[in-house]
Amino acid sequence: GYNDPLFLANMRGAAAAGMPVGCYHFCRLETNYVPGQSPVADATAEANHFLSVIKPYYEAGQMLPPVADVEDTIDRAETWRSVQELTEVLRRSGKA
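First, a word on what this report is: a plain description of the structure on this page. (Residues numbered from 1 in each chain as written. Predicted model: local features only at pLDDT ≥ 70, side-chain atom pairs only at ≥ 80, totals over all residues. Heavy atoms only, no water.)

Digging into a nonpolar patch on the surface
Point 1. On the surface, Tyr24, Phe26 and Val67 cluster together to form a nonpolar patch covering roughly 300 Å² of accessible area.
Point 2. Of note, Phe26 is situated in strand β1 (residues 24-28). (Patch = residues over 30% accessible without salt bridge, like charges linked within 9 Å, V, L, I, M, F, W, Y side chains within 5 Å. Areas by Shrake-Rupley, 256 points an atom, 1.4 Å probe, with all protein chains shown as cover. Salt bridge = Lys/Arg side-chain N within 4 Å of Asp/Glu carboxyl O. Helix = DSSP H or I, 4+ residues; strand = E, 2+ residues; numbered from the N terminus.)

This is how it looks when you write it as structure tokens:
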């Protein structure tokens, strides 16, 4: 997955300015999507990658809940199932 090279600098800058800080993930479910197969595995992988990046920051201090911007580029029913999986992975982590 992609990691924003300015993530840490932006987080520190916002916190230094007294702004509440949270993490944002632009979710593209079709990254590993194979037509005819469920993209839920991709949603799980994206959620786990997002968590691996943000977990140290959440453990170090108080932050706003994470946000996932899910782009609908596949079948809407599959997208909905994927959003549910992404949300459940975040919820199980205690970060959502």
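Some remarks on the pattern of salt bridges
Point 1. In the structure shown here, the tally under the stated rule is 2 salt bridges.
Point 2. The partner of Arg91 in a salt bridge is Glu88, and the shortest N-O contact between them spans 3.7 Å. In this pair, Arg91 and Glu88 both sit in helix α3 (residues 76-93), 3 residues apart, roughly one turn of the helix.
Point 3. Residue classification places Glu88 among the partly exposed residues on the basis of a relative accessible area of 30%.
Point 4. Ionic pairing is found between Glu88 and Arg92, a salt bridge with its closest N-O pair at 3.9 Å. (Buried < 20%, exposed > 50% of the residue type's maximum accessible area, 1.4 Å probe, protein only.)

Let's talk about the nonpolar core
In summary, soluble globular proteins display a tendency toward joint burial of nonpolar side chains.
Point 1. If you look at the biggest cluster of nonpolar residues, it comprises 17 residues, and the most contacted ones within it are Met11, Cys23, Ile54 and Met63.
Point 2. Looking at this core, the elements with two or more residues in it are α1 (7-16), α2 (40-60) and α3.
Point 3. Take this core: its biggest share by element is 6 residues, from α2.
Point 4. Look past the residues within four positions of Ile54 in its chain and what remains in contact with it is Phe7, Cys23 and Pro66. (Core = buried A, V, L, I, M, F, W, Y, C linked by side-chain atoms within 4.5 Å. Contact = heavy atoms within 4.5 Å.)

As for the layout of surface pockets
Point 1. When its volume is computed, the largest pocket comes out at roughly 580 Å³.
Point 2. Lining the largest pocket are 21 residues, and of these Tyr2, Asn3, Asp4, Tyr24 and His25 sit closest to its centre.
Point 3. Secondary-structure elements contributing two or more residues to the lining of the largest pocket are α1, β1 and α2.
Point 4. The element that contributes the greatest number of residues to the lining of the largest pocket is α2, accounting for 7 residues.
Point 5. Tallied by class, residues from the lining of the largest pocket come to 10 nonpolar, 7 polar and 4 charged. (1 Å grid on protein atoms, 1.4 Å probe; cavity = no way out; pocket = protein on both sides within 12 Å on 5 of 7 lines; lining within 4 Å. Points joined across faces, edges and corners; volume = space filled by probe spheres on them. Nonpolar A, V, L, I, M, F, W, Y, C, P; charged D, E, K, R; others polar.)

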